[in-house]
Amino acid sequence: MAVRYRPWREGDDLELLQVWGGPETPQAEQSRGLFRPSSDSPWLRCIVAEDAVGGVAVPVAAGYVFEPKLHNQRLWAYVEVAGDHRRAGIGATLLGMLRHEAGQSPSGVSTLRAKVVPGTTGAAFAEAAGFREIQRSRIIEVAPGALAVPNFADDAGPQLEEAATGSVELTTAVTGWYNAVHAWDPADMTLGQAQQFLLSDTAGAGGAVVLRDRPKADGGTIAAFALSYTQSRTDAPADVLIGYDTALRASEQSAAVASLLAMLVYQYPVQVEVDDSMTALVEVLEPLIAAGSARVVAETRVVSD
């Protein structure tokens, strides 16, 4: 029989795993976790392609498109086809159907985007479908002692201190930074969303440190901050989110990031996720990569049609 297309049904995930096998990348594994029946709240459309195997209709491919709570000026899309069914037009047909569904999204947004890993079949499919890169994201591991430790002995100078993840001051700093560095894909994150998605226990936030330009008692404000998503210290790199005050001069942003990062890797390695739009962080990390004291662990690209 010819390939047929239908809405996702419960149990399709188990059947598809049998024909798909293991995920090509960690990104593909994460994307697979979002397959589910179509819904209106949140808005999501999921379609399955079936082919006859031994006279029985078996799912061989699937795709979805959904509207996120943040960064909602584009819809997220994902398509995966079993290896022995590729180059047969199934993926292209699924994508065309998802584009049709996107044209009926409740928000009126129809532009699609996806995350791909360079050099993979997913990246090649996206390029052939007309998707173009809009952002590069990397996970970078920084080795212990990669930066010289700054001197914080001056009581009137910059100060490093722990911060409560629930504090309004830290939440405000995180929100301002996040919105500024995501101007390429606006989030319009609120303080409540920053707490929910970045600073809460459920988000995995385990602690925070901040670097002030001078003591808080003297009016010092947060120049840079680091949020840890690793609950206990081990020899493995801790997952850390590093941000900074984007209202500072560019040189001051980089200096604050370098000072904070130097303290974080004084004895232990850390792992940082950085988009190219996080210019101060990129400026600090690139020389470390070139010198061999930091390395790129993973790289993904956000592409859009």
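Scroll up to find the structure this text is about.
Small disclaimer: the values here were computed from a predicted structure and weren't measured. (Residues numbered from 1 in each chain as written. Predicted model: local features only at pLDDT ≥ 70, side-chain atom pairs only at ≥ 80, totals over all residues. Heavy atoms only, no water.)

> Any chance you could explain unusual backbone geometry here in plain terms?
Note on backbone geometry: most residues besides glycine have negative phi, and most peptide bonds are trans. Of the consecutive residues S41 and P42, the connecting peptide bond is found in the cis state with omega at 0°. You can see P42 is positioned in the loop between β2 (39-40) and β3 (43-53). Positive phi outside glycine occurs at R87, with the angle close to 60°. Relative to the helices and strands, R87 is located in the loop between β5 (75-81) and α3 (90-102). (Helix = DSSP H or I, 4+ residues; strand = E, 2+ residues; numbered from the N terminus.)

> So what exactly am I meant to see when it comes to the nonpolar core here?
Proteins that are soluble and globular tend to have nonpolar side chains buried together. Judged by nonpolar contacts, the single largest core of 47 residues is most densely connected at V142, L170, I242, Y244, L261 and L281. Residues in contact with L281, not counting those within four places in the same chain, are I242, Y244, V257, V272, E273 and V274. Core analysis: the next-biggest nonpolar cluster, separate from the first, contains 36 residues, I47, A61, L94 and L98 among them. (Core = buried A, V, L, I, M, F, W, Y, C linked by side-chain atoms within 4.5 Å. Buried < 20%, exposed > 50% of the residue type's maximum accessible area, 1.4 Å probe, protein only. Contact = heavy atoms within 4.5 Å.)

> Whenever I open this one, helix α1 (residues 12-20) confuses me. Can you help?
Because each turn of an α-helix spans 3.6 residues, side chains separated by three or four positions end up pointing in the same direction. Here α1 has its buried residues at D12, L16 and W20. Looking down the long axis of α1, one finds its buried residues gathered within 55° of arc, a one-sided arrangement. Within α1, the exposed residues directed more than 90 degrees away from the buried face are L14 and Q18. Contacts made by the buried residues of α1 are with β1 (4-7), α2 (26-32), β3, β4 (56-66) and β5. (Arc of directions from axis to C-beta.)

> Any chance you could explain the pairing of strand β9 (residues 207-212) here in plain terms?
For a regular strand, the rule is simple: side chains alternate between the two faces of the sheet. The pairing of strand β8 (residues 159-163) with β9 spans five bridges and is classified as antiparallel. In the sheet register, A163 faces β9, and the bridge partner there is A208. For β9 and strand β10 (residues 222-228), the ladder comprises six bridges, and the chain directions are antiparallel. Bridged to V210 within β10 is F225. (Pairing = 2+ DSSP bridges.)

> Teacher, can you tell me more about the environment of G292 here?
Inspection of the secondary structure puts G292 in the loop between α8 (279-291) and β13 (294-304). Classification of G292 by relative accessible area gives exposed; the value is 61%. Expressed as a C-alpha distance, the spacing of G292 and A143, which sit 149 residues apart in the sequence, is 8.9 Å.

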